[in-house]
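# Observations on the model geometry
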Amino acid sequence: MAFHPSIDAELLRNFVAIADTGGFTRAAETVNRTQSAVSMQIKRLEEDVVQRPLFERDGRQVRLTPEGQVLLGYARRILKLHGEVLNTLREPHMVSVVRIGTPDDYVMRFLPKILSRFAQAYPLVQVEVHCEPSGQLLLRQDLDLTIVTRQPDKEIDQLLRQERFAWAMAQGFCPHEQNPMPLAMFNAECFCREWACNALDAMSRPYRIAYTSPSLSAIFAVVRAGLAVTAQLQSLITPDLRILGEAEGLQLLPLTSIVLLSNDSSQSPVTECLAEHIVYGFRL
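Residues numbered from 1 in each chain as written. Predicted model: local features only at pLDDT ≥ 70, side-chain atom pairs only at ≥ 80, totals over all residues. Heavy atoms only, no water.

### What about the UniProt feature "domain: HTH lysR-type" (unreviewed entry) in the protein chain?
Here the UniProt-annotated "domain: HTH lysR-type" (unreviewed entry) positions come out as residues 7-65. For residues 7-65, the helix share is 63%, the strand share is 14%, and the end-to-end C-alpha distance is 18 Å. (UniProt positions renumbered as here; feature names shortened; annotations may be inferred. Helix = DSSP H or I, 4+ residues; strand = E, 2+ residues; numbered from the N terminus.)

Here's what the structure looks like:
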């Protein structure tokens, strides 16, 4: 492997100062060094590191050579990244771990954009995402932030959004016409499943729980295969599925609430920032 000398950030800083000011004297004032020291730095950069002339001298005026113009763009980028890394690492709260709990429902729909924006603000923070049903998440004490689904009038902490549940099935299939109607729902502890069953009972509509899973992707896989009807938050229903309603003999389902819980014992500037990103992301 070929050996390439490294470029010291101080050499680049002096080089950029000369390029910006147009001379060694003004550059020396900018970087708070003597002119001879700056000249020595550039001589080292030209002879020992890049082994190319970077400036054309004309009395006290200097101009970049073609090689110098190429290096200038790289130098600015390197110094910018150098500053960002140092600023980040010198702030203790900028390097940490944040633990989020959320039902599987919201991972694909909301989290990608939320975490993308958060990563731009805190690039060195490690985010752990724990996916479990809301009932199980409410029992955990080790999470910094928790997103759960709650019934109306039973909200706790911060309300993110309210949304209606809707019936859905695959385009081109008619499982809603079967008797009894097959359902694909979350497991028994989910109150949303109870809502769907209560609605069908109130209509005296025969049904059977044909498929259950704690995973929304698994439920949607069954529904897309035309095997069952499901009831989910309307924003989670993808365009390849058909929303059902009164025209198909199914009554309107209630609104539900999505809330954010914060663990008071683990609050920090990082968790507060992530909470703000979550609030913003769920309101889009």
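Picking up after the structure, the text goes on.
### What about the layout of surface pockets?
The computed volume of the largest pocket comes to approximately 370 Å³. Taken together, 21 residues form the lining of the largest pocket, with P133, S134, G135, C190 and F191 sitting closest to its centre. Contributions of two or more residues to the lining of the largest pocket are made by α6 (134-137), β5 (145-150) and α7 (191-202). Here the lining of the largest pocket spans two domains, since at least three of its residues come from each of domain 2 (97-159 + 258-283) and domain 3 (161-257). Computed from the structure, the second largest pocket encloses a volume of approximately 220 Å³. Taken together, D104, D105, V107, M108, R109, L216, S217, F220, R224, S235, L236 and T238 make up the full set of residues lining the second largest pocket. Elements represented by at least two residues in the lining of the second largest pocket include exactly α5 (107-121) and α8 (216-224). Sorting elements by how many residues they give to the lining of the second largest pocket places α8 first, with four residues. For the lining of the second largest pocket, the residue count by class is five nonpolar, three polar and four charged. (1 Å grid on protein atoms, 1.4 Å probe; cavity = no way out; pocket = protein on both sides within 12 Å on 5 of 7 lines; lining within 4 Å. Points joined across faces, edges and corners; volume = space filled by probe spheres on them. Domains from an automatic or database assignment. Nonpolar A, V, L, I, M, F, W, Y, C, P; charged D, E, K, R; others polar.)

### Points about empty space enclosed by the protein
If you roll a probe as big as a water molecule over the atoms, it shows you where there is empty space left. Under the defined criterion, the tally for this structure stands at one cavity of 30 Å³ or more. Considering only enclosed or pocket space, the largest cavity measures out at about 40 Å³ in volume. Forming the boundary of the largest cavity are F165, M185, C192, W195, A196, A231, L253 and P254. For the lining of the largest cavity, the element with the most residues is α7, which contributes three residues.

### Some points on helix α2 (residues 24-31)
Of the residues making up α2, those classed as buried are F24, A27, A28 and V31. Buried residues in α2, looked at end-on, bunch into an arc of 105 degrees, giving them a common side. In α2, the exposed positions angled more than 90 degrees off the buried face are occupied by E29 and T30. Check the buried side of α2 and you find it contacts α1 (9-21), α3 (35-50), β1 (55-58) and β2 (61-64). Just past α2, the residue N32 takes up positive phi, approximately 60 degrees. (Buried < 20%, exposed > 50% of the residue type's maximum accessible area, 1.4 Å probe, protein only. Arc of directions from axis to C-beta. Contact = heavy atoms within 4.5 Å.)

### Considering the packing of aromatic side chains
In the structure shown here, the tally under the stated rule is eight aromatic pairs. Ring plane angle 50 degrees and centroid distance 5.4 Å describe the contact between F15 and F55, whose orientation is recorded as tilted. Of this pair, F15 sits in helix α1 while F55 sits in strand β1, and the two are 40 residues apart along the sequence. On the basis of relative accessible area, F15 is assigned to the buried category, the value being 0%. Measuring from ring centre to ring centre gives 5.3 Å for F118 and Y122, while their planes differ by 25 degrees; the resulting arrangement is stacked. Residue class for F118 comes out buried when judged on its relative accessible area of 2%. Residue Y122 is classed as buried on the basis of its relative accessible area of 12%. (Phe/Tyr/Trp six-rings, centres within 6.5 Å; stacked < 30°, edge-to-face > 60°.)

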